[in-house]
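# Structural characterization, general
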Amino acid sequence: MAPSMGLRFLLSSIIFITLNVCSLGLFEDEFHEELFIKPLPTGHIYTHFQFTTTWEVELRRKDEFLHYHLFPKALGEVLAKFSVQELHLTLTQGLWRHEKWGYPLVDAPPGAELWVWFQPGTSNVNETWTDLINVLSGMFCASLNYMDAKNTVCPKLSFRPRGATSGWFSKTSTHLLRYAALPRENVCTENLTPWKKLLPCGSKAGVASLFNSIKLYDTNYHSLGIHFRPVCTNSDCTSTSVELSQTLSAVLEPTIFNHGRQDWSLKKLFGRMIGTVCPVAQTSTIFVDVTSNKMSNYQFTLNPAPNTVENFRRGRTEHSYAIYDIRQFTERSRVLDLSAKYNQAITYSQVAPPVLYVHRFQTGSGREKGGIVSLLHNTHPSQDLVVVYMEVIPWFLHTYLHTLQVDTFTAEMTHIGINGTTLKPLHLHYVPGKDRQRPYHLELVLRLPAKSVTRLSMQFERALLKWTEYPPDANHGFYVNSAVISAMLPDDTADYVALPQFSARISAILSGNESLSGRQFVNLHTETLLVMLPTPDFSMPYNVICLACTVVAIAFGSIHNLTTRRFTAVDPTAKGLLAKLKAKLPFLRRKKEGKEKGASEGEGEGEGVLGQEDTGQSEATS
Amino acid sequence: MCVVVGVPLWWKTTTVYRVQLPYSEIADLNTSRVTFVVDFTVTVFDERFDAQDLSQFANKLKESLDAAGKVDDRLHVEYRGKVREAYEEELLLLRQMRSVEVDNTVVDFDHELYMAKLDSDNSEYTFTVLPPSKLDKAVVGKQRVSHLPAMGDLGSLVEPLSHLLRHVYINEAAMLKTFLWARGARRTQPDKESMRAFRSHPGYDVTFTLMNPQPDLLQVEWHIQDAVDAYLGRLLKALSPYADISVKSQCVHYTGLGIRPVKDDTRNCYKLKHEKLPHVINAIEPYLSSHVSNNPSLNFIVYVPSRDQSPLHITDANDDLSTTDAFLSPRWGGVLVYNVATPPENATYPHKVMLDMRRVMEVFVSQLRLLLGVNPQTASGDVTVLQPGNNIISEWELDQWLCGRCLENIASAAATLQALAQLLAEIGNIVINDDIGHEVQVAVSAIKKSKEFLSLGRLNDAFLSSKQAIISSEKAFFDPSLLELLYFPEDQKFAIYIPLFLPISIPVILSIMSSVKWLRSKDEIKVKSE
């Protein structure tokens, strides 16, 4: 009984997404640019650029996706052609450390991740997905075309639509959803350039003018994102519009270039300042999270002073954001260089981890078998957490469901691994992989007890690949996707503010809707794994060919010689080549003559010399 | 045993799968003649002529057209006409037509005649011979009807009539040129017209782009949706059975021209020099590509000059200002420089500007006609051509376009198949799978069908078949499975065999050399002994 109850509760909290208010102006489309800056307790600075374009068109009517104003035409064409309901693409370099940094506004795994809901009525979803990934891969200069059937799954519970949906999507069927991730994908400027091109002002004006590739890619974490979804245009949700949210997150470390001090400024972080706003943007805003000023002794002052400081409650925590309207600061060709100065140098201490965080690693040794272990930490003092855990394991790691073991340990125990109690998953969805066709896909619903660590482990066997299936640099190893954990956090979670569902804009966080201050949805991605597979010596076949051929050739040569030559007695008076040579050199001749004299005296005549002669020669002499 | 089992097994596992293709038919397609039949009717309204005059005229006309019909050994136009007297209803229409000079009455008559639909379905060309009191000059109507004044006797009409038919309606010379060009005959020198228009394609993407390099100063807006509906709607509707044309638009901010205009102090403006124009489109190019379509894209750019380069004009080779401030880039699209007035002193920025879509679309419609390859109306001195007006393309122009495209499709599909057949013959290792075989079959039969329809004078069906032919032939030619061609490239075979054959060949060659030597010496001995 308990599992089904838990499942129902979870579904009700994750699946049924109802949208509340969305106020739009009179214009058909609008664009907002926002920058969110949050100093992290480890001395890092989290910066999140949020560009939101909303356009009042009916998603299902393709003939409305013809005339574009602020919405990028290149992307709009793709979305209309492939009947996309929702699209979420992230390209990330580096790992977000939840344990130390808390939760980001948009979570993303290292590498590339794409999940797409197609519109109901899409005839051949697999084919549409294949076409879509090929187009997107060309558009963003990323190897998304490798997201083929071999690493694509239809998650049952983890990825529900994020936007306004018709009743159709509230059913549990997910055959219109596709999810794939490429953990090995590298992200660099060649991905940023096409991403920037989708912005109405590019990087020529507004907060996007801070994009300085040298600084942006010299960071601890960097993530680009494109999120497309339909949203409601009014409170009753009688009509919908589409929302494109482009995000860029970067975690920078000012302490490195600042002699250990945490002070920062836009100029120091990005090497640039903001001189203009994007003129087509409805709002251009910078938000600085100043909540930590109230919590600790280490306080920073912002210069210039913000327009306003807004306080709002989320759960039991009071948050405050300093807000800058860039338009006011850049009037009359002034530039805005936002800076923060701390009152004292910070001595870092251990950071309190967030409510839920996960570590994942590989176990086992040798190149035959191994295991994957995830440790799910629930640090909440009193509440259990229901989470959905999703794992997509490539087909070449043969995973066995019977080896799946979930144990939970209370936090008092120092050693995880002894005296655990077995935890029964509330729900389990498992699709075994097929060689060269589909990956192993596991989804679990778990109830994590309060103040506990849950250990989830699975064993796998490494497969032998065909020699053409190895990538270049095969000894580097093979990556395994991040596991994805989805959960609704209890309302007293400190230090986390999720974006509300009705809008991707940061200002929507402040809109003070009381119904929002409840439980918050969080999506976590774990570390990726690097697995070594048994790798052959690729030059071996050629070596074998060469060696075998040489042996054959040597054998052939001697047999050929033996069969085609005849051994005959050579007339000792007929001088060979060596004798002729000797005859020509007077010194040698003298010596030899002396020797021959002695020899003939001792042994007499009749000395036969066996000489090899070619058949032709011997015939000729005879 | 080894041989009995091994040889067939080896043969089976190493043969390349190749579907049999109709090679001889493909070769025939490329050499056989295309015959095109044109049906027309001459309706004589002038009551001075009797039945005998008419039949005499018909014979004369037939003779004259038969002599001219053979355009080339590869392309043959056959004119098939009949001459008749006007029906009562038609005469009634004529009587309603009042005077001679006023153009409108001809237009009305033209229209009424078309609406009356007396000749079956109006798909034939019709020439009306009107009494000179009603008309003083030949007029080409909007549909497929031309009006000729009967100045002298009927015989004098043979010349202008066959001129209209051959050089206005059919335009034999242009047709032959497209046909030969598509066939890949490099001997024909490309001319301006054939270089300008896009080659025949099943679809085109038309994109209108508004470029505003200074959105902080000017907020430029346009009613593009309404303009497209109003100015292009009928054209798109007329072409929709034949080509899949999609029209889209976008706004691009903060992107300027690729070059700096030169300041002209005497005229107090900035100018873009004629020879620099090709560089202009480079800066915009990244915003124009489409990721979802393989169709050629026609780009129409409206550029609102930035304030520091305004007003901006285009100059021609003689340094004269262009009247339209627009230019056309062959097989690419067109650019219009749209100068807007300087905002007033006390304006709040960004200053709102609304574009006059009539001014924009006038330019782009004429450019679109050229780019699609609708030949401009050839109005010579003694012929008036009625303007198609809102339709943008008159029916006979559409016929001409269809005919040209159809011939081009036939020729290029045949040439593609020929190239494919040649490639497959040259490289024996290429796999030809069933899909390719099927596409080739479809293309071959579609070309044949299209030719048959042409010889029956059914242009519509001929075009649709030729479109099918070109789609199938391109699909077969660009099938990705052809690229996975070589099971084992020749150089790799060499790399594997050389460690074996090189050491083995050394003793073999040496012994061959010595046996040759021995044979020679044996001959010498024989000679000596003799």
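Just so we're clear, the structure is a prediction, and the values are computed from it rather than from any experiment.

### Focus: the overall build of chain A
Regarding its fold elements, chain A presents 14 helices and 29 strands. Taking the contacts inside chain A whose residues are at least 6 apart along the sequence as the reference set, 76% of them involve residues at least 24 apart. Total accessible area on chain A is roughly 28400 Å²; 54% of this is exposed by carbon and sulfur atoms.

### Some thoughts on the sheet that holds strand β9 (residues 264-265) of chain A
All names here are of chain A. The strand order β9-β14-β11 describes an open sheet built from 3 strands, whose pairing is antiparallel. If you trace the sheet from one side to the other, it starts and ends with β9 and β11 (300-303), each paired once. Two elements, β11 and strand β14 (residues 339-342), share 4 bridges in a ladder whose sense is antiparallel. Residue pairing in the sheet places N303 in a bridge with S339 of β14.

### As for the domain arrangement of chain A
Residues and elements named next belong to chain A. What the domain assignment reports for chain A is domain 1 (31-351 + 488-508 + 515-525) and domain 2 (356-483). Spacing between the C-alpha centres of domain 1 and domain 2 amounts to 28 Å. Tallying the contact residues gives 27 residues for domain 1 and 30 residues for domain 2. Between domain 1 and domain 2, roughly 2200 Å² of surface is buried when both sides are summed, and carbon and sulfur atoms account for 61% of that area. If you look at where domain 1 meets domain 2, you find 0 salt bridges. Where domain 1 packs against domain 2, one counts 5 residue pairs in polar contact (both at pLDDT 80 or more). Mapped onto the side of domain 1 that touches domain 2, the elements with two or more residues apiece are α3 (98-101), β5 (152-153), β6 (177-182), β25 (484-489) and β26 (520-525).

### Details of the domain arrangement of chain B
Residue and element names in this part refer to chain B. Domain parsing of chain B yields domain 1 (2-30 + 401-483), domain 2 (34-170) and domain 3 (200-372). Across the contact, 8 residues belong to domain 1 and 7 residues belong to domain 2. Regarding the contact of domain 1 and domain 2, the summed buried area is about 610 Å², with carbon and sulfur atoms giving 74% of it. In terms of surface lost to domain 2, no three residues of domain 1 exceed L407, L454 and S455, which account for 50% of the buried area on that side. On inspection of domain 1 and its partner domain 2, the count reaches 0 salt bridges. For the interface between domain 1 and domain 2, the tally reads 2 residue pairs in polar contact (both at pLDDT 80 or more). Secondary structure elements with two or more residues in the side of domain 1 that touches domain 2: α11 (395-426) and α12 (434-456). Residue composition of the side of domain 1 that touches domain 2, by class: 5 nonpolar, 2 polar and 1 charged.

### Let's talk about unusual backbone geometry
Residues and elements named next belong to chain B. Cis peptide bonds are those with omega within 30 degrees of zero, and the linkage from S310 to P311 qualifies with -5°. Summarising the element assignment, P311 is placed in the loop between β11 (297-303) and β12 (312-314). Look at the link from Y349 to P350: it is a cis peptide, with omega at -5°. Here P350 shows up in the loop between β14 (333-337) and β15 (351-354).

### A word on the state of the cysteines
Across all of its chains, the model carries 2 disulfides over all chains by this definition. A sulfur-sulfur separation of 1.9 Å characterises the disulfide bridge that pairs C201 of chain A with C278 of chain A. As the torsion about the S-S bond is roughly 70°, the C201 of chain A-C278 of chain A disulfide counts as right-handed. Of this pair, C201 of chain A sits in the loop between α5 (189-197) and α6 (213-216) while C278 of chain A sits in the loop between α8 (266-270) and β10 (283-289); the two residues are 77 residues apart in sequence, bridging distant segments of the chain. The side chain of C232 of chain A participates in a disulfide bridge whose partner is C237 of chain A; the two sulfur atoms lie 1.9 Å from each other. Across the S-S bond linking C232 of chain A and C237 of chain A, the dihedral sits near -65°, which makes this disulfide left-handed. For C232 of chain A, a relative accessible area of 2% translates into the label buried. Assessed through its relative accessible area of 31%, C237 of chain A is described here as partly exposed. Once the bonded cysteines of chain A are numbered in order along the sequence, the disulfide links fall as 1-4, 2-3. Take C251 of chain B: it sits in no disulfide, and the sulfur closest to it among the cysteines is that of C201 of chain A, at 12 Å. Taking relative accessible area as the criterion, C251 of chain B reaches 14% and is therefore assigned buried.

### A short note on the interface of chain B and chain A
Taken together, the contacts link 31 residues of chain B with 37 residues of chain A. Where chain B abuts chain A, roughly 3000 Å² becomes buried across the two surfaces, and 67% of that area is made up of carbon and sulfur atoms. Three residues stand out in chain B for area buried against chain A, namely Y254, H291 and V292 of chain B, and they jointly supply 22% of the buried area on that side. Across the pair K248 of chain B and E77 of chain A runs a salt bridge whose closest N-O atoms are separated by 3.3 Å. Joining chain B to chain A, the criterion identifies 10 residue pairs in polar contact (both at pLDDT 80 or more). Listing elements by their share of the side of chain B that touches chain A, those giving two or more residues are α9 (224-239), β8 (244-253) and α14 (490-529) of chain B.

### Some remarks on the UniProt feature "transmembrane region" (unreviewed entry) in chain A
The UniProt entry lists residues 540-559 of chain A under the feature "transmembrane region" (unreviewed entry), expressed in the numbering used here. Split by type, residues 540-559 of chain A is 100% helix and 0% strand. Its first and last C-alpha atoms lie 28 Å apart.

### Focus: a nonpolar patch on the surface
Residues I506, I509, L510 and M513 of chain B make up a contiguous nonpolar surface patch of about 400 Å² in total accessible area. Mapped onto the fold, I506 of chain B is located in helix α14.

### Here's the deal with the nonpolar core
By size, the foremost hydrophobic cluster in this structure holds 113 residues, and its most contacted members are F40, F127 and F208 of chain B. Considering every element that reaches this core, the biggest residue donor is α11 of chain B, with 15 residues. Counting 95 residues, the second largest nonpolar core, distinct from the first, contains I45, F49, L132 and L182 of chain A.

### Describing the confidence of the model for chain B
Residues of chain B with pLDDT of at least 70 account for 87%, and the chain-wide mean is 81. Reported for the predicted complex are a pTM of 0.83 and an ipTM of 0.82.

### A word on the sheet that holds strand β13 (residues 317-325) of chain A
All names here are of chain A. Spatially, the 11 strands line up as an open sheet ordered β5-β6-β4-β3-β7-β8-β2-β1-β10-β13-β12, and their pairing is mixed. Only two strands of the sheet have a single neighbouring strand rather than two, namely β5 and β12 (308-314). Sitting on the sheet, α5 touches β2 (45-55), β3 (84-93), β7 (221-232) and β8 (240-252), and the angle it makes with β7 is about 30°.

### Quick word on the packing of aromatic side chains
Residues and elements named next belong to chain A. Tallied over the entire structure, the rule returns 34 aromatic pairs over all chains. Seen in terms of ring centroids, W96 and Y221 are 5.2 Å apart; in terms of plane orientation they differ by 75°. Their pairing is edge-to-face. Residue W96 is found in the loop between β3 and α3, and its partner Y221 is found in strand β7; the two are separated by 125 residues along the sequence. With respect to burial, W96 and Y221 carry one shared label: buried.

### Details of the UniProt feature "transmembrane region" (unreviewed entry) in chain B
Per the UniProt record, "transmembrane region" (unreviewed entry) is annotated on residues 494-516 of chain B. Secondary structure across residues 494-516 of chain B divides into 100% helix and 0% strand, with the first and last C-alpha atoms of the span separated by 28 Å.

Cut-offs applied
Per chain, residues are indexed from 1 in the order of the written sequence. All chains are assigned letters beginning with A, and all ligands numbers beginning with 1, in the order in which they are written. A pLDDT threshold of at least 70 governs which residues receive local features in this predicted model, and a stricter bar of 80 or more applies before side-chain atom pairs are shown or counted, although totals over entire chains, interfaces and linings include all residues. Side-chain calculation: all heavy atoms of the structure are included, whereas hydrogens and water are not. Only DSSP runs of H or I with at least four residues qualify as helices, and only runs of E with at least two residues qualify as strands; both kinds are numbered from the N terminus onward. Two residues form a contact once any of their heavy atoms are found within 4.5 Å. For every accessible area listed, the method is Shrake-Rupley and the probe measures 1.4 Å; residues are considered covered only by the protein chains on display. Strand pairing is assigned whenever DSSP identifies at least 2 bridges connecting the two strands. Each domain span listed reflects an automatic or database assignment of domains. Values labelled buried area give the accessible surface lost by two parts on being combined, using a 1.4 Å probe and summing over both. What counts as a salt bridge is simple: a side-chain nitrogen of Lys or Arg found within 4 Å of a carboxyl oxygen of Asp or Glu. Polar contact is the term for a pair of N or O atoms within 3.5 Å; when the atoms are in protein, one must be able to donate a hydrogen and the other to accept it, and sequence-neighboring residues count only if both atoms are side-chain atoms. Each residue is assigned to one class: nonpolar for Ala, Val, Leu, Ile, Met, Phe, Trp, Tyr, Cys and Pro, charged for Asp, Glu, Lys and Arg, and polar for all the others, Gly among them. Only a pair of cysteine sulfur atoms within 2.5 Å qualifies as a disulfide here. Relative accessibility under 20% of the residue-type maximum defines a buried residue, over 50% an exposed one, and the middle range a partly exposed one, all with a 1.4 Å probe and only protein chains included. UniProt positions are given in the numbering used here, feature names are shortened, and annotations may be inferred rather than shown by experiment. Like-charged residues are merged into a patch within 9 Å and nonpolar side chains (Val, Leu, Ile, Met, Phe, Trp, Tyr) within 5 Å, provided each residue has over 30% relative accessible area and no salt bridge. Take the buried Ala, Val, Leu, Ile, Met, Phe, Trp, Tyr and Cys residues and link them wherever side-chain atoms come within 4.5 Å; each set so joined is a nonpolar core. Confidence scores per residue from the predictor, reported as pLDDT, run from 0 to 100. Note on method: axes are straight lines fitted to C-alpha atoms, helices fitted across the in-contact stretch only, with angles between N-to-C directions ranging 0 to 180 degrees. Stacked, edge-to-face and tilted are the three classes for Phe, Tyr and Trp ring pairs, Trp counted by its six-membered ring, which pair at centre distances within 6.5 Å; planes under 30 degrees apart are stacked, over 60 edge-to-face, the rest tilted.

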